[in-house]
Amino acid sequence: MEVGEGLDTRELLAHASRQAEDRGYSNFTIVDVDSHHYETESWAEIAKYIESPIIRHLAGAGGVSKLTGQSSLIPSQIGNQDLAGRISRYRMRSLEKAEGKDVHRDVQLIRRAMSMMGIDYTIIFPTPMLNLGMHPQVEMEVAVARAYARWITEEILPADPTIKTMLYLPFNDPEASLKLVEEFADRPGVVGFMVTTVRYRPVHHNSYMKIYAALEERGLPLGFHAAYSWQERAMEQLNKFISVHALGFPFYNMIHLTNWVINGLPERFPALKVVWIESGLAWIPFLMQRLDNEYMMRSSEAPLLQKRPSEYMRDFYYSSQPMEQTGNMEVLKMTFEMIDAENRLLYSSDYPHWDFDLPSVIYDLPFLDERVKRRILGGNACELFGLEDAKTRGPAGENRERV
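A. Representation of helix H13 (residues 283-298). Over its 16 residues, H13 extends 22 Å from the first C-alpha to the last, a length consistent with the 22 Å expected when each residue adds 1.5 Å. Taken together, the buried positions of H13 are Trp 283, Ile 284, Pro 285, Leu 287, Met 288, Leu 291, Asp 292 and Tyr 295. Those residues of H13 that are buried are in contact with helix H11 (241-262), strand E6 (274-277), helix H14 (309-313), strand E7 (317-319) and helix H15 (329-338).

Below, the structure is given as structure tokens:
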């Protein structure tokens, strides 16, 4: 496919569609808890929702915006995610055409990917905005986060009830984050809220307690979505993107999860469901063992804890992508056992990113029976987010034992 020909997701995912048919995905519900769109391709629309007239003017007047059509307010990231142009959808995605103007282009592209992969619900996240936590001007993060929340809840989510989101919280401003929860928690299609983990604000700071209480009261999950930063001082020692990508995504989630557990937040907010997103699985057994070992020697420094750190971690939810597959199934099987994958693991594709995972990554695992595969691919997410079973149109968990 040549660049000038544009892109069609349905052609790109033709093999995925055959997989879906061969494995019978139409017989059970699949929920993708982490997929993406490139919100900056709709930046002109989003910018209109910026409430401050000054920032709204900056959003439309920047040189970068004029040259690329993208946001000049969102920090860019160093890296080679498109593998020097070898992944065609990166350089061609903006050329994909919508069919008519009755349905927003983003909705059409999301639907195409869902249909080809056999997915019934998808939870969509922004992409360049994952860098927004490092913006030196807090008011910019707040302005973009609120504009995005208004845009996606007014123009995208109402078009299709199978498209959901966990809204971006401008976490560098706790009061603005709380206001966003209070204002948007009841909007159709909003199933939770998300913090991008590339940032330096400690999650246990007292200024965040009202946010956690508000989410717990509403029964809405809080997600921590990983990313990387090559500008992180520790990462600056690495000279290859493969190294940064391998360490960067789990790095921030490990820091935030450690603070979350050791400072007793699971005890303070026992009903708040927490999801750790897009950092794979291999880091979780390491951190369980490491924190348990330290806790046994220095439990006085974590006085709120009533059990070992690993036991709290088994109560968290984790998204699957990018699931590490090194050929050693025994290691992966043990990881699944340690994190209670049957009840806590959530399938995620991370499409359209370069390292995305199809549902077959879960479905083809030889150590899972059919019932557990279906729970990981959709059942757990339906229960967590309160989604109707797409195949039975009944409450989640109703067919928990069915195969």
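More follows now that the structure is in view.
B. Layout of the packing of helix H8 (residues 138-156) against helix H9 (residues 174-184). Two elements in contact, H8 and H9, have axes separated by 11 Å at closest approach and are oriented at 10 degrees. By the angle between their axes, H8 is roughly parallel relative to H9. Taking contact as the criterion, the partners of Val 142, Ala 145, Arg 146, Ala 149, Arg 150 and Thr 153 in H8 are, on H9, Ala 176, Lys 179, Leu 180, Glu 183 and Phe 184. Taken together, the residues of the contact of H8 with H9 sort by class into 6 nonpolar, 1 polar and 4 charged.

C. Highlighting the packing of aromatic side chains. Tallying each qualifying case throughout the model produces 18 aromatic pairs. On the basis of an interplanar angle of 10 degrees and a centroid distance of 6.1 Å, the ring pair of Phe 28 and Tyr 363 is categorised as stacked. Residue Phe 28 is located in the loop between helix H2 (14-23) and strand E1 (31-36), and its partner Tyr 363 is located in helix H17 (residues 360-363); the two are separated by 335 residues in the primary sequence. Given a relative accessible area of 5%, Phe 28 falls into the buried group. A centroid spacing of 4.8 Å and a plane angle of 65 degrees characterise the contact between Tyr 212 and Trp 260, whose relative ring orientation is edge-to-face. Of this pair, Tyr 212 sits in helix H10 (residues 209-218) while Trp 260 sits in helix H11; the two residues are 48 residues apart in sequence, bridging distant segments of the chain. Since its relative accessible area comes to 0%, Tyr 212 is described here as buried.

D. How the structure looks around empty space enclosed by the protein. Summed over all chains, the structure comprises 1 cavity of 30 Å³ or more. Reported here for the largest cavity is a volume of approximately 330 Å³. Among the secondary structure elements, those contributing two or more residues to the lining of the largest cavity are E1, helix H6 (88-92), helix H7 (105-117) and strand E2 (121-125). Examining the composition of the lining of the largest cavity, we find that 7 residues originate from one element, H7, more than from any other.

E. Looking closely at the pattern of salt bridges. On inspection of all chains with the given rule, the structure shows 18 salt bridges. Where Arg 23 meets Asp 364, a salt bridge forms, and the shortest distance between an N and an O atom there is 2.9 Å. Residue Arg 23 is found in helix H2, and its partner Asp 364 is found in the loop between H17 and helix H18 (370-385); the two are separated by 341 residues along the sequence. In this structure, Glu 236 engages Arg 233 in a salt bridge whose closest nitrogen and oxygen atoms are separated by 3.2 Å. Assessed through its relative accessible area of 65%, Arg 233 is described here as exposed. What emerges from the salt-bridge pattern is a single network uniting Asp 8, Arg 10, Glu 96, Glu 99 and Arg 112.

What counts, and where the lines are drawn
Residues numbered from 1 in each chain as written. Predicted model: local features only at pLDDT ≥ 70, side-chain atom pairs only at ≥ 80, totals over all residues. Heavy atoms only, no water. Helix = DSSP H or I, 4+ residues; strand = E, 2+ residues; numbered from the N terminus. Expected span 1.5 Å × (residues − 1). Buried < 20%, exposed > 50% of the residue type's maximum accessible area, 1.4 Å probe, protein only. Contact = heavy atoms within 4.5 Å. Axes fitted to C-alpha atoms, helices over the stretch in contact; angles between N-to-C directions. Parallel < 35°, antiparallel > 145°, perpendicular 65-115°, else oblique. Nonpolar A, V, L, I, M, F, W, Y, C, P; charged D, E, K, R; others polar. Phe/Tyr/Trp six-rings, centres within 6.5 Å; stacked < 30°, edge-to-face > 60°. 1 Å grid on protein atoms, 1.4 Å probe; cavity = no way out; pocket = protein on both sides within 12 Å on 5 of 7 lines; lining within 4 Å. Points joined across faces, edges and corners; volume = space filled by probe spheres on them. Salt bridge = Lys/Arg side-chain N within 4 Å of Asp/Glu carboxyl O.

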